[in-house]
Every structure is written in structure tokens, then in C-alpha cells.
Amino acid sequence: MDPRDEKSDNASVASGDSSTAYTPTHTTEHDVSLHNDSPSARESFTPRAPSEGKTYMIRHRDSGKVIGLKNGGLGLEDNSDPQVGCYWNCVRNLGWFGFCETSSANFLGRDGNFAFRATEKLHLPWERFVVEAKGDRGCHLQSPHWFSLRWVGIGGDGRTLVDVTSSDHAAFWEFVEV
């Protein structure tokens, strides 16, 4: 590699199977279509499950808000806010999905109190997820809870991600590749 191409101040490195991709460490303007949170724009989107090695915004189907980190706190956020870290690298480990927020390098996971957080740097058992596509409704996210899987839902405040015991209360998610 040419030493002139190494700009540690301006790029972060994500390694894949056999190539290296350089990505900016700062937030850039999103595609305008990603900001369109109108019901008609969300209805025209065809949800699909994520793929390992790709980066996504994880958007709540009903509200149009995304899972994001703001000032260290995890919740549903407006993706146009420049202070929100809402890009998630998708990884697979032992068959489980994991989602690592790109600016903090923290994995999405359970907090032990029936909610979720993004504080761990490793894809540990509480940072494991199953993604189940549900046709044009979106995808369900499930995470292990002792000897069962529980769904990711939305708390009463409309912002907090919570553990729910029934798919009837589970949120539908879209994985929007960025």
C-alpha cells in the first residue's frame, strides 16, 4: 500500500474478505431519499434481512426513526440529526447477527434490565440477534434471553428499545443499506 494513501486522521478501516475499504470518520450528508419519512415513502420500501459485511440504518417501520446513539444513549432518533450515530455494521458470529455502530464501535445489545444499549466493543452473547423477515411489513429483531428468544419492541415513551415476550408487541424494522 502506498504510504500516501494512509490517512489515519481522515479514515477508518473496515476489513473484509480480501479487500480494505476506507470510510470517513465524520458524518456525511445522507441520501435525500433516506430522510423521506412520509408514510408513502416507507410503504414503497421493500424490507429485506441484512447481510454480513454491509452497513445499515435500522429504521423503525412505523415511525421512520432509526436506532441510534446520541450522547451515549441508545434509542429511536431522527437520522437527520448530525449528533446521532445511526450507521450499523452487520457482522455474523456463530450464526448470530451483530450490529456495531460505526462512530463508537459499540455493539447493539441487551442491558440486563429488559431494554437495550450499545456499550460493548465485542460481539458477546448479549449482543447477538436473530433477524426474521416478515414480508413487506419489515423484519423482527430477536435477542437471546436465557433459554428463549425475545423480540425488540418500543417502550411507552416511543424512543426506548425494550424486550417484549410476544411477536404481537414486536417492532417492525427496515435495514436501509448506506
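The residue numbers shown here count from 1 along each chain, following its written sequence. Two thresholds apply to this predicted model, a pLDDT of at least 70 for residue-level local features and 80 or more for giving and counting side-chain atom pairs, whereas whole-chain, interface and lining totals are computed over all residues. For side-chain calculations, the full set of non-hydrogen atoms in the structure is used, while hydrogens and water are omitted.

### Overview of the overall build of the chain
We count a stretch as a helix when DSSP gives it H or I for four or more residues in a row; a strand needs E for two or more, and each element gets its number in order from the N terminus. Counting secondary structure elements, the chain contains two helices and 15 strands. Each residue is assigned to one of three classes by its accessible area relative to the maximum for its type, calculated with a 1.4 Å probe on protein chains only: buried under 20%, partly exposed between the two thresholds, exposed over 50%. Residues counted as buried form 40% of the 178 residues belonging to the chain. The contact criterion used is simple: two residues touch if any of their non-hydrogen atoms lie within 4.5 Å. Residue pairs in contact within the chain that sit at least 24 positions apart in sequence constitute 45% of those at least 6 positions apart.

### What to know about the environment of D136
Relative to the assigned elements, D136 resides in the loop between β11 (130-133) and β12 (139-145). The exposure class assigned to D136 is exposed, which follows from its relative accessible area of 57%. Taking the C-alpha atoms as reference points, D136 and R48, separated by 88 residues in sequence, lie 8.5 Å from one another.

### A closer look at the layout of surface pockets
Estimated volume of the second largest pocket: approximately 200 Å³. A pocket here means an open set of points on a 1 Å grid, computed over the protein atoms alone, that has protein on both sides within 12 Å along at least five of seven lines. A cavity is instead a set of points where a 1.4 Å probe fits but cannot get out; residues with an atom within 4 Å of a point line either one. Along the walls of the second largest pocket sit W96, R110, G112, F114, P125, W126, R128, P144, H145 and W146, which together make up its complete lining. Across the lining of the second largest pocket, the residue classes break down as six nonpolar, two polar and two charged. Grid points are joined across faces, edges and corners, and a volume is the space filled by probe spheres set on the points. Note on residue categories: nonpolar means Ala, Val, Leu, Ile, Met, Phe, Trp, Tyr, Cys or Pro, charged means Asp, Glu, Lys or Arg, and polar means any other residue, Gly included.

### A look at the pattern of salt bridges
Only one rule defines a salt bridge in this text: a Lys or Arg side-chain nitrogen within 4 Å of an Asp or Glu carboxyl oxygen. A complete count under the given rule lists 10 salt bridges for this structure. When the shortest N-O distance is used, the salt bridge between E177 and R48 registers 3.5 Å. Separated by 129 residues along the polypeptide, E177 in strand β15 (residues 173-177) and R48 in the loop between α2 (39-44) and β3 (55-60) bring together distant segments of the chain. Where R110 meets D163, a salt bridge forms, and the shortest distance between an N and an O atom there is 2.3 Å. Highlighted residues: R110 in strand β9 (residues 107-110) and D163 in strand β14 (residues 161-164), separated in sequence by 53 residues. The same class applies to R110 as to D163, namely buried. If you follow the salt bridges from partner to partner, you end up with R48, K54 and E177 in one network.

### Re the side chain of E174
The residue E174 is located in strand β15 in this model. Any N or O atom pair separated by 3.5 Å or less is treated as a polar contact, with the protein-specific requirement of one donor-capable and one acceptor-capable atom, and with residues adjacent in sequence counted only for side-chain atom pairs. A polar atom in the side chain of E174 sits 2.3 Å from the side chain of R61.

### Comments concerning the nonpolar core
Within the largest apolar cluster, 22 residues are counted, with the highest numbers of intra-cluster contacts made by I67, L74, F99, L141, L161, W173 and F175. When contributions to this core are tallied by element, the ones reaching two or more residues are β3, β4 (66-70), β5 (73-77), β7 (88-93), β8 (96-101), β10 (116-120), β12 and β15. Setting aside anything within four residues of it in sequence, one finds W173 in contact with I58, R59, H60, R61, I67, L76, G138, C139, L141, V152, I154 and L161. Residues enter a nonpolar core if they are buried and are Ala, Val, Leu, Ile, Met, Phe, Trp, Tyr or Cys, with the set joined through side-chain atoms within 4.5 Å. In terms of nonpolar packing, the next biggest core, distinct from the first, is built from five residues, M57, V84, C86 and V176 among them.

### Observations regarding the pairing of β8
For β8, the buried fraction is high: five of the six residues fall into the buried class. A pair of strands counts as paired when DSSP detects no fewer than two bridges linking them. Bridge count between β7 and β8: six bridges; the pairing is antiparallel. Directly across from N89, in β8, lies its bridge partner C100. Once β7 ends, the chain turns through two residues before running back antiparallel as β8, passing L94 with a positive phi of about 55°.

### Remarks on unusual backbone geometry
Phi angles above zero are rare outside glycine, and A105 is one such case at about 65°. Structurally, A105 is set in the loop between β8 and β9. We classify A105 as partly exposed; its relative accessible area is 36%. Even without glycine at this site, W146 takes up a positive phi of about 50°. Position of W146 among the secondary structure elements: in the loop between β12 and β13 (148-154). Classification of W146 as exposed rests on a relative accessible area of 72%.

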